[in-house]
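Per-entry structural report
If you want the building blocks of each chain, they are given just below.
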Amino acid sequence: MRPSVSPYGEHTEELREILVENGSLALLLIDISQLAQVEHDYGSGAFEKVLTAAGDLIGELRGSEVRGSDILTVTDRGGDAFLLFLSPRRYGDSTQVADLQAAAGRVEEGLNRKLARLTSPYLRGRQKVSVGFSLVFFNPLVMPDRLLARLVEEAWECVRVQKMQRDFQNRCRLQEILLQDQLRVVFQPVVDLRSGGTVGYEALARGPAGSAHQMPANLFEIASEADMVFELDRSCRKRALAAARAMPLGAKLFVNVFPSCMYDPEFQGAKLIRLLEGLGLSPERIVLEINEKYAIENYTLFVEALQNLTRVGFEIAIDDIGAGYSGLEKIAHLNPRYLKLDMQLVKDIDSSYIRREMARAFKSFADKMDATIIAEGIEREEELRTLVELGVAWGQGFLLGRPADGFGISGPRAAVFSEVGAQAAATL
């Protein structure tokens, strides 16, 4: 169902009258084009739901930034923006441009805050809306329709300039983080669900605490926009390996890597072996986590590079299994030692027949490859009990241990396994 907002073309006569009568007209353009990726990934039906949600969120701003006398429309070119034509009484004679800019900033901040809280399966990552502004004066020498077209075009130009500035600032901030070595690594335990023992730790990158760059999803999305994924990935990998020298003997280190790392000269051959020896690590203790949702341009070359690493002892884990990115044939070709079930598959698995059957199918697939299933995102005892009953061997999640600076345990591990883990394991 389309949002209950009419197209811009249906309001041109009304807007012409306002422009002529008041001598000027102001516009806030709410660019939602970044949300169009939803249509590419999930289809037009999902995108229409997102458009409706975005329109509803704009409507929620009524009484503050959006007034009853404002005219809210959508662009005629595919509905990739909302056009909010502002009522004249909103702004004064001397500061109207400054007021427009401030209003655009407040609307942008409010909408992005609301979108971030929207529990939609289609809105993940740093999907942002941008709000531009523009103002046009009535000129009796120019046709009103041309003035209205200029108003919209200048608002789009404002959005474009703001995005360029934001991207440049993000790139500079990321460069500063790398230059000043502001990355840190935390470790989340990987647990044997049958015994409760720690079998390894996943290294998780963090940016500066308290900043917009703290969480890895934001950090790597910014890096992708700035064409700096390789540099960030290399820095995170080095920090993880250096910190892992304090890891308990026998534990494995799970390190998330991008496909490009396979071609890094410092991550190959004798140079890599010397690096690990200097840290007191061996390749057999390192598990490289790969997520196939990131493009592998030359799959054959990638597999060859991967085999060079597995030959010297590294193990491979495929991340986010069940998230819809990977085909089983492609997964099998990588010959992974571990398959990590996506946390969305694990969530509420105790009350979902479909999720349980999917996990059961992946477990059967893993058994045929002699691979171990690791369930991510375990947060409830009922989820843990179900996973153990399904025969899932290893797991991660806040219930079992939160990410921490060191290699201790932070979570209700002992109580959970005395009551749930051993009991469920006894039923196998």
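Residues numbered from 1 in each chain as written. Predicted model: local features only at pLDDT ≥ 70, side-chain atom pairs only at ≥ 80, totals over all residues. Heavy atoms only, no water.

Tallying secondary structure elements over the protein chain gives 14 helices and twelve strands in all. The buried share of the protein chain, reckoned over its 428 residues, is 49%. Within the protein chain, counting contacts between residues at least 6 apart in sequence, those at least 24 apart form 69% of the total. Accessible area for the protein chain stands at about 20,700 Å²; split by element, carbon and sulfur atoms hold 51% of it. (Helix = DSSP H or I, 4+ residues; strand = E, 2+ residues; numbered from the N terminus. Buried < 20%, exposed > 50% of the residue type's maximum accessible area, 1.4 Å probe, protein only. Contact = heavy atoms within 4.5 Å. Areas by Shrake-Rupley, 256 points an atom, 1.4 Å probe, with all protein chains shown as cover.)

Let us now look at the side chain of Ser130. Note that Ser130 resides in strand E4 (residues 130-137). Looking at Ser130, its side chain comes within polar contact range of the side chain of Arg166, at 3.4 Å. With residues near it in sequence (within four places) discarded, Ser130 still touches Leu29, Ile30, Asp31, Glu108, Val159, Lys163 and Arg166. (Polar contact = N/O pair within 3.5 Å; in protein donor to acceptor, adjacent residues only side chain to side chain.)

Pairing between sheet strands relies on hydrogen bonds along the backbone, with the strands arranged either parallel or antiparallel. The strand order around the closed barrel built from eight strands is E5-E6-E7-E8-E9-E10-E11-E12, with neighbouring strands paired in mixed fashion. In terms of strand pairing, strand E5 (residues 184-192) meets strand E6 (residues 198-206) through eight bridges, oriented antiparallel. Paired with Val186 across the bridge in E6 is Leu204. (Pairing = 2+ DSSP bridges.)

With that settled, the discussion passes to the pairing of strand E3 (residues 81-86). Successive side chains on a regular strand alternate, one facing one side of the sheet and the next facing the other. Burial of E3 is extensive: six of the six residues sit out of reach of the surface. Side chains Ala81, Leu83 and Phe85 project from E3 onto one buried face, and the interleaved Phe82, Leu84 and Leu86 project onto a second face that is buried too. Relative to E3, strand E2 (residues 71-74) runs antiparallel, the two being bridged by four bridges. Within E3, the position partnered with Ile71 by the bridge is Phe85.

All right, on to the pattern of salt bridges then. Going through the model one piece at a time under the given rule, you end up with 24 salt bridges. The closest approach of N and O atoms between Arg194 and Asp192, which form a salt bridge, is 3.3 Å. Taking relative accessible area as the criterion, Arg194 reaches 43% and is therefore assigned partly exposed. A residue is classified by how much of its surface remains accessible, and Asp192, at 15% relative accessible area, is buried. A salt bridge links Asp348 to Arg380; the shortest N-O distance between them is 3.3 Å. (Salt bridge = Lys/Arg side-chain N within 4 Å of Asp/Glu carboxyl O.)

Our next topic: the packing of helix H6 (residues 216-225) against helix H7 (residues 229-243). It is the contact of H6 with H7, at a shortest axis distance of 8 Å, that shows an interaxial angle of 145°. Along its contact with H6, which presents Leu219, Phe220, Ala223 and Ser224, the element H7 presents Val229, Leu232, Asp233 and Cys236. (Axes fitted to C-alpha atoms, helices over the stretch in contact; angles between N-to-C directions.)

With that settled, the discussion passes to unusual backbone geometry. For Asp181, which is not glycine, the phi dihedral falls at a positive 55°. Relative to the helices and strands, Asp181 resides in the loop between helix H5 (144-179) and E5.

Judged by side-chain polarity, Tyr353, Ile354 and Met358 come together as a nonpolar surface patch covering roughly 340 Å² of accessible area. Looking at the secondary structure, you find Met358 in helix H12 (residues 353-368). (Patch = residues over 30% accessible without salt bridge, like charges linked within 9 Å, V, L, I, M, F, W, Y side chains within 5 Å.)

In total, this model carries one cavity of 30 Å³ or more according to the counting rule given. Within this model, the largest cavity holds a volume of roughly 40 Å³. For the largest cavity, the full set of lining residues is Ile30, Ile32, Ala54, Ile58, Phe82, Leu111, Leu115 and Val129. Sorting the residues of the lining of the largest cavity by element identifies helix H3 (44-59) and helix H4 (96-117) as the ones contributing at least two each. (1 Å grid on protein atoms, 1.4 Å probe; cavity = no way out; pocket = protein on both sides within 12 Å on 5 of 7 lines; lining within 4 Å. Points joined across faces, edges and corners; volume = space filled by probe spheres on them.)

Residues at a pLDDT of 70 or more form 84% of the protein chain, whose mean pLDDT is 82. The secondary structure element of the protein chain with the lowest average pLDDT is helix H14 (residues 413-425), at 53, and the one with the highest is strand E12 (residues 394-395), at 96. (pLDDT = per-residue confidence, 0-100.)

Core analysis: the largest hydrophobic core is formed by 58 residues, its most contacted members being Leu253, Met262, Leu288, Leu339, Leu341 and Ile378. Take this core: its biggest share by element is six residues, from helix H9 (residues 299-311). Among residues more than four places away in sequence, those in contact with Leu339 are Ile318, Ile321, Ile331, Phe362, Phe365, Ala366, Met369, Thr372, Ile373 and Ile374. Core analysis: the next-biggest nonpolar cluster, separate from the first, contains 30 residues, Ala26, Ile58, Phe133 and Cys158 among them. (Core = buried A, V, L, I, M, F, W, Y, C linked by side-chain atoms within 4.5 Å.)

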